[in-house]
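These are the residues of each chain, in order.
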Amino acid sequence: MRASIHLLDAVVISNGFPLISGTTLSIEHGSITVINGANGAGKTSLLQLIGGLLPLSNGEGTVAGVDLTRHDRREVRRHVGWLGHESSFYEDLTVAENLTFACAALSIDPSQIPVVLERVELTHRTNTKSKELSAGQRRRVGIAWLLLRRPEIWLLDEPYASIDVQGREFLEGIIGEASQSGATVLLSSHDDLDFGKRKVRTITMAGGRVVSS
Amino acid sequence: MIHVAALVARKDLRIELRSRVLAWQVLPFGVMALLLCGLALGPNPAGRSHAGPGLFYIVVTLMALLMINRSQAIESSRGTKDSVATLGLDPAGVFLGKAAALTVEMWLASAVLLTGTVLFLHVDQARTLVAIPSIAASVAALSLAGTLYGALTSSQNSSLTLLPVLALPAFAPLLIAGERAYSAVVYGGELKVWWSLLVISLIAYSSVGVLLYGVMEES
Amino acid sequence: MNELGRRALGPLSLILLVSTFWLGYFVTPPDQVQGDLARLLYIHPAVAWVALYVSFGTAAIASAMYLWPRTRSESLDRIAHSAMEVSVFFIAITLITGSIWGRPTWGVWWAWDARLTSSAIFGVFGLGYLALRRANEDREIRARRSAVFCILTAINVPIIHFSVIWWKTLHQGASVFTSNRTLKVHGSMAFTLLLSFVAFTLTFFWFLRTRYRIEVAKDRQGHQKLVASIEQRRNEVPAT
């Protein structure tokens, strides 16, 4: 199977600190990979590097065919969907406005917004401002956006944080579904995860590098 | 580019309409600053009207600093930054959109301040109305320049204090041109050179913003 | 420039500066109108030339080349930074000598003269550039933002220049050249004046080189620290 993500001795320096300290990693297209590791191990930074949110300072890297050493990071971002710790998009906009904005930016049909909001069980929050949502609900907005966008690579930074048991099962279902449709999924997590029949690869990070794969 | 610009401008204006930072924080500050200017000139009313156009522009400049910081703060939280970054918006469009929204907000603020200038500083009302095109142009130039300098200082702990140091020297010629044009309309004098300076500034800042905003966003 | 030329830059600048001061103070005659005050002519115009054209021009060209992807290099960022720092120093001397000249001429230390005012504004631009660099710890972010700021300042040069000139001017007319570009001063005065331009320009390049070397040494030290911190980070114990 072809590699969707390939890193070779990748180093990321930010403000003089090595967030990623030389990591080599290959991730297959359509796979699910869980990144484990203690706080500060570099899980979020690795996801940000792959998502084009942090620049590669040294080493080599290719994400969805885009060479990280040669191309503008914006090109990588066109292939990835991001679900971070914090809220998605703008705090002062409502759920519907944020999703409409994002759809318009990427010329995605906004008619699907009510459908995905129903799927993530946020229909009753359609016109609520982002800042008035709970942490778990904000995550659901982020998931709704991923469902609308259907990116080639899903990068989920501790997606289970602040989510209840039902939400967790729901998210596992969505991730499994995305992988089945050919998307590559990378997520950081401290917990054991269950994606049904889908094969899951687990890698462990420490000190800004992958220590076991 | 235009599509992204329209999208970003609409979004910024909608956020402003929701948060009402301009109405509840920036405008009261501007009106108070104008009153303070009047008090600082002393009780003699004669000097006030001649200083009116200059004081108006001083307060507009101070308000612009607040509005620029606000405009950048909308984009600065980690969650917003990351999620918006993955949209891969055209930076030239983002620049034009943010500058357009800031211009509209600054025009509204200037309208209130102009009323204050006529009321408190006794600048001729009819002539002030004639000066509106030059005021609109200088405020637009301030907004374009401010959007660029705001992006330079965004996402830094010291952005609040750094912005004035970087932006005020660039605002100086705009303030001069705006004030001279306003004064020329009210009290007579050369108007053409100030208009040419404003037009050149508008063209220069728009071009540089379109070309270089991406460099700042990327960093 | 070969090694000998590089080594000779400092001593040569010093010799030319001392010669300029000696000629300007002891050899050239006082001016018919301004008397001994005119001796500032051998410092002020040359320092202003270095501050506003040579140093700032160097910083602007280096910044533009840094922003151009094909020519981007850390050396250009260092050159821009070093040149801007030297520029701030020379602008300060320009303003001080301008004020010293202004006090007996205009009767005040500071007059709202076009060139003095625009020099002061450029001085603040220079300080802003240095402040911007201090505010960014990340090397690439710092270099990019500083380069953009420098380009914005370069664009502001003509805008500020004309705005302030149209606003008001008190400055004495051009000191060095007449309107048809012939020299206004003659003999030993002209020679000393031209020597001052050469001396201060060479001094700029001497300062620039020294400052650049300090930056290189700092970067080398920073690189060593970074290598050590990468090693330290790699050895962080995995959580059990």
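Structure: above.
Note that the structure is predicted; figures quoted are calculated from it, not measured. (Residues numbered from 1 in each chain as written. Chains lettered and ligands numbered in written order. Predicted model: local features only at pLDDT ≥ 70, side-chain atom pairs only at ≥ 80, totals over all residues. Heavy atoms only, no water.)

1. Things to note about the overall build of chain B
Part 1 of the argument: Helices and strands together make up the secondary structure of chain B, namely nine helices and zero strands.
Part 2 of the argument: C-alpha extents for chain B along the principal axes are approximately 55 × 35 × 30 Å.
Part 3 of the argument: Looking at chain B as a whole, 60% of its 219 residues are labelled buried.
Part 4 of the argument: Excluding contacts between residues fewer than 6 apart, the proportion of contacts in chain B whose partners are at least 24 apart in sequence is 84%.
Part 5 of the argument: Total accessible area on chain B stands at roughly 8,400 Å², and carbon and sulfur atoms take up 70% of it.
Part 6 of the argument: Taking the average location of the 13 positive side-chain charges in chain B and that of its 11 negative ones, the two points are 6 Å from each other. (Helix = DSSP H or I, 4+ residues; strand = E, 2+ residues; numbered from the N terminus. Buried < 20%, exposed > 50% of the residue type's maximum accessible area, 1.4 Å probe, protein only. Contact = heavy atoms within 4.5 Å. Areas by Shrake-Rupley, 256 points an atom, 1.4 Å probe, with all protein chains shown as cover. Lys, Arg positive; Asp, Glu negative; His and termini not counted. Charge placed at Lys NZ, Arg CZ, Asp CG, Glu CD.)

2. Structural notes on a nonpolar patch on the surface
All names here are of chain B.
Part 1 of the argument: A grouping of Met-32, Leu-35, Leu-36, Leu-39, Leu-119 and Phe-120 is seen on the molecular surface, where their side chains present a nonpolar patch of about 580 Å² in accessible area.
Part 2 of the argument: Counting residues per element, the ones that place at least two in the nonpolar patch are helix H2 (21-40) and helix H5 (91-121).
Part 3 of the argument: Per-element accounting of the nonpolar patch gives the leading share, four residues, to H2.
Part 4 of the argument: Structurally, Met-32 is set in helix H2. (Patch = residues over 30% accessible without salt bridge, like charges linked within 9 Å, V, L, I, M, F, W, Y side chains within 5 Å. Salt bridge = Lys/Arg side-chain N within 4 Å of Asp/Glu carboxyl O.)

3. Concerning the packing of helix H7 (residues 132-153) of chain B against helix H8 (residues 159-187) of chain B
Residues and elements named next belong to chain B.
Part 1 of the argument: Viewed as axis vectors pointing N to C, H7 and H8 meet at an angle of 165°, and their least axial separation amounts to 9 Å. In terms of orientation, H7 and H8 fall into the roughly antiparallel class. As for the relative orientation of H7 and H8, their crossing is right-handed in sense. In this structure, H7 contributes Ser-134, Ile-135, Ser-138, Ala-141, Leu-142, Ala-145, Gly-146, Tyr-149, Gly-150, Leu-152 and Thr-153 to the contact, and H8 contributes Ser-159, Leu-162, Leu-163, Leu-166, Ala-167, Ala-170, Phe-171, Leu-174, Gly-178, Ala-181 and Tyr-182.
Part 2 of the argument: Residues of the contact of H7 with H8, tallied by class, amount to 15 nonpolar, seven polar and no charged. (Axes fitted to C-alpha atoms, helices over the stretch in contact; angles between N-to-C directions. Parallel < 35°, antiparallel > 145°, perpendicular 65-115°, else oblique. Left-handed = near helix turned anticlockwise from the far one by under 90°. Nonpolar A, V, L, I, M, F, W, Y, C, P; charged D, E, K, R; others polar.)

4. Regarding the sheet that holds strand S10 (residues 209-212) of chain A
The strands making up a sheet are joined through hydrogen bonds of the backbone, oriented either antiparallel or parallel.
Residue and element names in this part refer to chain A.
Part 1 of the argument: In spatial order, the strands read S6-S7-S8-S3-S9-S10; together these six strands make up an open sheet with mixed pairing. Unpaired on one side and paired on the other, strand S6 (80-83) and S10 mark the two borders of the sheet. Ignoring strand direction, the axes of neighbouring strands in this sheet form an average angle of 25°.
Part 2 of the argument: The sheet contact formed by strand S7 (residues 153-157) and strand S8 (residues 184-188) spans five bridges and is parallel. Across the sheet, Asp-157 pairs through a bridge with Ser-188, a residue of S8.
Part 3 of the argument: Against the sheet, helix H6 (residues 165-180) touches strand S3 (32-37), S7 and S8, its axis set at about 145° to S8. (Pairing = 2+ DSSP bridges.)

5. Remarks on the side chain of Thr-147 of chain B
All names here are of chain B.
Part 1 of the argument: Positionally, Thr-147 belongs in helix H7.
Part 2 of the argument: Note on Thr-147: relative accessible area 2%, which makes it buried.
Part 3 of the argument: When near neighbours in sequence (up to four residues on either side) are disregarded, Thr-147 contacts Gln-72, Phe-95, Lys-98, Ala-99, Leu-102 and Tyr-213.

6. Considering the environment of Tyr-205 of chain B
Part 1 of the argument: In this structure, Tyr-205 of chain B sits in helix H9 (residues 192-218).
Part 2 of the argument: Each C-alpha atom, one on Tyr-205 of chain B and one on Ala-145 of chain B, is 5.9 Å from the other, the two residues being 60 residues apart in sequence.
Part 3 of the argument: Among residues more than four places away in sequence, those in contact with Tyr-205 of chain B are Phe-95, Ala-141, Leu-144, Ala-145, Leu-148, Tyr-149, Ala-170 and Leu-174 of chain B together with Leu-152 and Asn-156 of chain C.

7. A look at unusual backbone geometry
Residues and elements named next belong to chain A.
Part 1 of the argument: Although it is not a glycine, Ala-64 adopts a positive phi angle of roughly 50°.
Part 2 of the argument: Position of Ala-64 among the secondary structure elements: in the loop between strand S4 (58-63) and strand S5 (66-67).
Part 3 of the argument: Look at Arg-150: it is not a glycine, yet its phi comes out positive at around 50°.
Part 4 of the argument: For Arg-150, the location among the structural elements is in the loop between helix H5 (135-149) and S7.

8. Here we look at helix H3 (residues 74-106) of chain C
Part 1 of the argument: Under the 1.5 Å per step criterion, the end-to-end length of H3 of chain C is 46 Å for 33 residues, consistent within 8% with the ideal 48 Å.
Part 2 of the argument: Downstream of H3 of chain C by a residue or two, Gly-107 of chain C has a phi angle that is positive, lying close to 85°. (Expected span 1.5 Å × (residues − 1).)

9. Focus on the interface of chain A and chain C
Part 1 of the argument: Counting from both sides, the interface comprises 19 residues of chain A and, opposite them, 11 residues of chain C.
Part 2 of the argument: Taken over both partners, the interface formed by chain A and chain C buries close to 1,200 Å², and the fraction arising from carbon and sulfur atoms is 53%.
Part 3 of the argument: Contact with chain C buries surface across chain A, with Asn-15, Pro-18 and Gly-207 of chain A losing the most and accounting together for 34% of the total.
Part 4 of the argument: Taken together, the connections running from chain A to chain C amount to zero salt bridges.
Part 5 of the argument: Sorting the residues of the side of chain A that touches chain C by element identifies strand S1 (3-14) and strand S2 (17-28) of chain A as the ones contributing at least two each.
Part 6 of the argument: With five residues, S2 of chain A is the single largest residue contributor to the side of chain A that touches chain C.
Part 7 of the argument: Looking at side-chain class alone, the side of chain A that touches chain C contains nine nonpolar, nine polar and one charged residues. (Buried area = accessible area lost by both parts, 1.4 Å probe.)

10. Comments concerning the side chain of Thr-94 of chain C
All names here are of chain C.
Part 1 of the argument: Summarising the element assignment, Thr-94 is placed in helix H3.
Part 2 of the argument: Among the residues examined, Thr-94 registers a relative accessible area of 3% and is labelled buried.
Part 3 of the argument: Among all residues touching Thr-94, those that are not within four sequence positions of it are His-44, Val-47, Ala-48, Ala-51 and Ser-119.

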